[in-house]
Amino acid sequence: MQAARAARNGAFAQCGEVKQARNVVCAKLGTGAYDPVIDPANFVAGINNRYTPFPPGAFRVYEKRTSEGLERIRHEIAASRAPVRRSVVQGVARRHCAVAGR
């Protein structure tokens, strides 16, 4: 039981350190909106990574056994391209900052 308590206390201490580090970063970045310049010209037409190819239509299935049974998550590579939308990128960044700022 002592080992479990020690492990829990160590995990809580580590969480506190991570939270402090995030707060320092958020303080340096400020509270303004994250507003990067998104230029679609900076994106490539296709992915040519020979170690992780992503041909259109390809998919991967990730499985994990849980207390409720086997959980499956399927990631599929879209057959068509969608334009880059700045609002989506900003939404992701805002959610991240909200979590980091807690």
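Q: A description of the overall build of the protein should follow, citing residues and the corresponding values.
A: When you go through the protein residue by residue, the secondary structure sums to 2 helices and 2 strands. Starting at the N terminus and ending at the C terminus, the protein contains elements arranged as α-β-β-α. Put simply, the protein has 102 residues, and 4% of those count as buried. Considering only contacts in the protein between residues 6 or more positions apart, those separated by 24 or more positions represent 37%.

Q: How would you summarise helix H1 (residues 2-29) if you had to cite specific residues and measurements?
A: In this model H1 runs 41 Å from its N-terminal to its C-terminal C-alpha over 28 residues, within 8% of the 40 Å that 1.5 Å per residue would give. Of the residues flanking the end of H1, it is Gly 30, one or two places downstream, whose phi is positive at about 90°.

Q: Could you give an account of the pattern of salt bridges, naming the residues involved and the relevant values?
A: For the structure shown, the criterion picks out 2 salt bridges. Notably, a salt bridge pairs Glu 76 with Arg 74, separated by 3.4 Å at the nearest N-O pair.

Q: So what's going on with the environment of Arg 50? Which residues, and what values?
A: Within the element layout of this structure, Arg 50 appears in the loop between H1 and strand S1 (59-66). Side chain to side chain, Arg 50 and Tyr 51 meet in a polar contact 2.6 Å long.

Q: Give me the pairing of S1: which residues, what numbers.
A: Summarising the sheet, S1 and strand S2 (residues 69-76) pair through 8 bridges and their orientation is antiparallel. Considered in S2, the bridge of Lys 64 is made with Glu 71.

Q: Pulling in residues and values, what's your account of the environment of Thr 52?
A: Relative to the elements of secondary structure, Thr 52 occurs in the loop between H1 and S1. Aside from chain neighbours lying at most four places away, what touches Thr 52 is Ile 47 and Arg 60.

Q: Which residues make up the confidence of the model for the protein, and what values do they have?
A: Residues with a pLDDT of 70 or more make up 78% of the protein, whose mean pLDDT is 77. In the predicted structure, residues 88-102 sits below a pLDDT of 50 and forms 13 contacts with residues beyond four places in sequence or in another chain.

Calculation notes
Residues numbered from 1 in each chain as written. Predicted model: local features only at pLDDT ≥ 70, side-chain atom pairs only at ≥ 80, totals over all residues. Heavy atoms only, no water. Helix = DSSP H or I, 4+ residues; strand = E, 2+ residues; numbered from the N terminus. Buried < 20%, exposed > 50% of the residue type's maximum accessible area, 1.4 Å probe, protein only. Contact = heavy atoms within 4.5 Å. Expected span 1.5 Å × (residues − 1). Salt bridge = Lys/Arg side-chain N within 4 Å of Asp/Glu carboxyl O. Polar contact = N/O pair within 3.5 Å; in protein donor to acceptor, adjacent residues only side chain to side chain. Pairing = 2+ DSSP bridges. pLDDT = per-residue confidence, 0-100.

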